[in-house]
Structure formats: structure tokens, C-alpha cells
Amino acid sequence: MMRTIKHYRAFQIDPDGRVSGCINIACRDDEEAKRQAAALVQLHRIELWRLDQRIAQFDRPSEIVPQHSVG
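Owing to the predicted nature of the structure, the values given are computational and were not obtained by experimental measurement.

**Q** What's the story with unusual backbone geometry in this structure? I'm lost.
**A** Glycine aside, residues mostly have negative phi, and peptide bonds are mostly found in the trans state. Even without being glycine, L51 reaches a positive phi, approximately 55°. Secondary-structure assignment places L51 in the loop between β3 (45-50) and β4 (53-58). With relative accessibility at 75%, the residue L51 sits in the exposed group.

**Q** Just checking my understanding: could you explain the sheet that holds strand β2 (residues 19-27) for this structure?
**A** Pairing within the open sheet is antiparallel, and its four strands lie in the order β2-β1-β3-β4. Only two strands of the sheet have a single neighbouring strand rather than two, namely β2 and β4. With strand direction ignored, the average angle separating the axes of adjacent strands in the sheet is 25°. In this sheet, β4 lies alongside β3 in antiparallel orientation, the contact comprising five bridges. Directly across from R50, in β4, lies its bridge partner Q53.

**Q** Just checking my understanding: could you explain the nonpolar core for this structure?
**A** Nonpolar side chains in soluble globular proteins tend to end up buried together. Ranked by size, the top nonpolar core spans twelve residues in total: Y8, A10, I25, C27, A33, A37, V41, I46, L48, I55, A56 and F58. At the level of secondary structure, the elements contributing two or more residues to this core comprise β1 (6-13), β2, α1 (30-38), β3 and β4.

**Q** I would appreciate a short explanation of the pairing of β2 in the present structure.
**A** Both faces of the sheet carry side chains from a regular strand, because those side chains alternate between them. Pairing of β1 with β2 involves eight bridges; the strand directions are antiparallel. Considered in β2, the bridge of Q12 is made with G21.

**Q** Could you clarify how one ought to interpret the pattern of salt bridges in this entry?
**A** Between side chains of opposite charge, pairing is possible as soon as their charged atoms come close. For the coordinates displayed, the defined rule picks out six salt bridges. The partner of K34 in a salt bridge is E31, and the shortest N-O contact between them spans 3.3 Å. You can see K34 and its partner E31 sitting in helix α1, three residues apart, about one turn around the helix. Judged by relative accessible area, K34 falls into the partly exposed class, the value being 26%. Among the residues examined, E31 registers a relative accessible area of 45% and is labelled partly exposed. Several salt bridges converge on common partners, so that one network encompasses D14, D16 and R18.

**Q** Help me understand the side chain of E47 in this model?
**A** Within the secondary structure layout, E47 lies in strand β3. Among the polar contacts made by the side chain of E47, one reaches the side chain of R45 at a distance of 3.5 Å. Within the structure, the side chain of E47 is placed 3.1 Å from the side chain of W49, a separation counted as a polar contact.

Reading guide: rules and limits
Residues numbered from 1 in each chain as written. Predicted model: local features only at pLDDT ≥ 70, side-chain atom pairs only at ≥ 80, totals over all residues. Heavy atoms only, no water. Helix = DSSP H or I, 4+ residues; strand = E, 2+ residues; numbered from the N terminus. Buried < 20%, exposed > 50% of the residue type's maximum accessible area, 1.4 Å probe, protein only. Pairing = 2+ DSSP bridges. Axes fitted to C-alpha atoms, helices over the stretch in contact; angles between N-to-C directions. Core = buried A, V, L, I, M, F, W, Y, C linked by side-chain atoms within 4.5 Å. Salt bridge = Lys/Arg side-chain N within 4 Å of Asp/Glu carboxyl O. Polar contact = N/O pair within 3.5 Å; in protein donor to acceptor, adjacent residues only side chain to side chain.

Here is the structure:
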């Protein structure tokens, strides 16, 4: 049995809302692609697309947002 591979793109979105990078992902299905894209979140928000359809969006965890100290 031959498995179908689907191609996705994970776009890195900078704080100004601009695309700052793109990572190609090849997976069996949307769920596998979502897991891989979620693992890419570091300094940028990630938007996962397949063709012209946005599959998911992953925001940066709040704990890595720079904190400004007072004092």
C-alpha cells in the first residue's frame, strides 16, 4: 500500500506580522503537520498552510516574550 504524502509550508511570522521565513514540511496528514509546525515555535508565530488554505496558527508561548524589569 502506498502512503500519500502531503506538502505543507510553515511560515515564520515576525512581531510586525510579516513573513520572516518558510519551512517546507511533508507529512501524511494535517494532524502530523500540526505537530511538526507546533514544534517550530520559538521566536516567531507559525502559520501552517497547505496550498492556499491555512491549516493552523501557533503563537509564541507567553513565557518567552521578553519581560521588562522595573527598577
